Amino acid sequence: MITEQIFFALAIGVLASPALLLAVLGISALIDLPLSERQINGWTYATTVVGLLASLGILVAMLVTGTRYVPVDLGNLVAIKEQHFHFHLKFIFDRLSVPFVILSFALCGTVGAFTSRYLHREVGFVRFYVCYAFFTLGMIVTTLAGTIEVLFMGWELVGLSSALLVAYLHERVEPVRNGLRVWSVYRIADAAFLVAAVTMHHLTGAGDFHAMMGSGVWPAGEAALTSNQALLNGMLLLVAVAGKSARIPFSG
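Read on for an overview of the structure. This one's a predicted model, so the numbers in the text were calculated from it and none came from an experiment.

With that settled, the discussion passes to the environment of Ala-240. Secondary-structure assignment places Ala-240 in helix α7 (residues 227-244). Separated by 55 residues in sequence, Ala-240 and Val-185 have C-alpha atoms that sit 9.7 Å apart. Apart from the residues lying within four places of it in its own chain, the contact partners of Ala-240 are Trp-155, Ala-189, Ala-192 and Phe-193.

The next thing to look at is the nonpolar core. Within the largest apolar cluster, 47 residues are counted, with the highest numbers of intra-cluster contacts made by Val-14, Leu-25, Ile-58, Phe-91, Phe-93 and Leu-144. Those elements giving two or more residues to this core turn out to be α1 (2-30), α2 (37-65), β1 (69-80), β2 (85-94), α3 (97-118), α4 (125-144), α5 (148-166) and α6 (173-204). For this core, the element with the most residues is α4, which contributes 10 residues. Excluding its chain neighbours within four sequence positions, the residues that come into contact with Val-14 are Gly-51, Ala-54, Ser-55, Ile-58, Phe-93, Val-101, Phe-105, Ile-140 and Leu-144.

Let us look at the pattern of salt bridges. Any two side chains of opposite charge can pair, so long as their charged atoms come close to each other. On inspection of all chains with the given rule, the structure shows four salt bridges. Arg-187 serves as the salt-bridge partner of Glu-156, at 3.4 Å between the closest nitrogen and oxygen. Separated by 31 residues along the polypeptide, Glu-156 in helix α5 and Arg-187 in helix α6 bring together distant segments of the chain. Residue Arg-187 is classed as partly exposed on the basis of its relative accessible area, which comes to 33%. Across the pair Asp-190 and Lys-244 runs a salt bridge whose closest N-O atoms are separated by 3.9 Å. Placement of Asp-190 in helix α6 and of Lys-244 in helix α7 is noted, with a sequence separation of 54 residues between them. Lys-244 matches Asp-190 in its accessibility class, with the two residues each being buried. Shared partners join several salt bridges into a network, and the residues in it are Glu-156, Arg-187, Asp-190 and Lys-244.

Conventions and cut-offs
Residues numbered from 1 in each chain as written. Predicted model: local features only at pLDDT ≥ 70, side-chain atom pairs only at ≥ 80, totals over all residues. Heavy atoms only, no water. Helix = DSSP H or I, 4+ residues; strand = E, 2+ residues; numbered from the N terminus. Contact = heavy atoms within 4.5 Å. Core = buried A, V, L, I, M, F, W, Y, C linked by side-chain atoms within 4.5 Å. Buried < 20%, exposed > 50% of the residue type's maximum accessible area, 1.4 Å probe, protein only. Salt bridge = Lys/Arg side-chain N within 4 Å of Asp/Glu carboxyl O.

Don't take any of this as a statement about function, it's just geometry.
Structure representation (structure tokens):
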């Protein structure tokens, strides 16, 4: 019981730290009470360090206890009984996702530290960090998603923030043009992603990734999908990933 509570507390720390950064920066900008550069840097450093330490703590706890799978169920965001649909907020911490979370915090933290100096006294300093907070939260949600709906939510946060960051220098023609081009390519990738999500629901009856593993969890277990079904879903997700990461044929 104590071990479960420790895992849950650390998991909430990982998820809450980027969400808190977005809430603080976003709300202050919306109510027209922008924070100073020093305050923004302080919030960015603090939330990144908390998230990184919490994710490292989960990894250490997993290795010490021999745990490989830690689900965090936060309930339904949306539930429509008549349509048999629910948007389930579920996150999975395992030995595949946790190292990627650590990498995400490390890379985003490095970018935040560099930008605090590079954009010093820049007019769009606050705007950049709001987009940065969206991107960081999207990366963490995408990495830890336990259902395909949660994955799509994080996926869209990353896509929207990426397009806005590409067009950050909006007073120039080329950044805006490139931002629109990126957003257009992302629409193609998202279409493939949505088809994959619908296909997964049709084949498994749910969007839960755990449902795909019929008799166990990764890396053990036996897949509930047949090889052809897995190939179809995999190819659709491959198109989505290729579009999001500028792979051929979506590269410039």
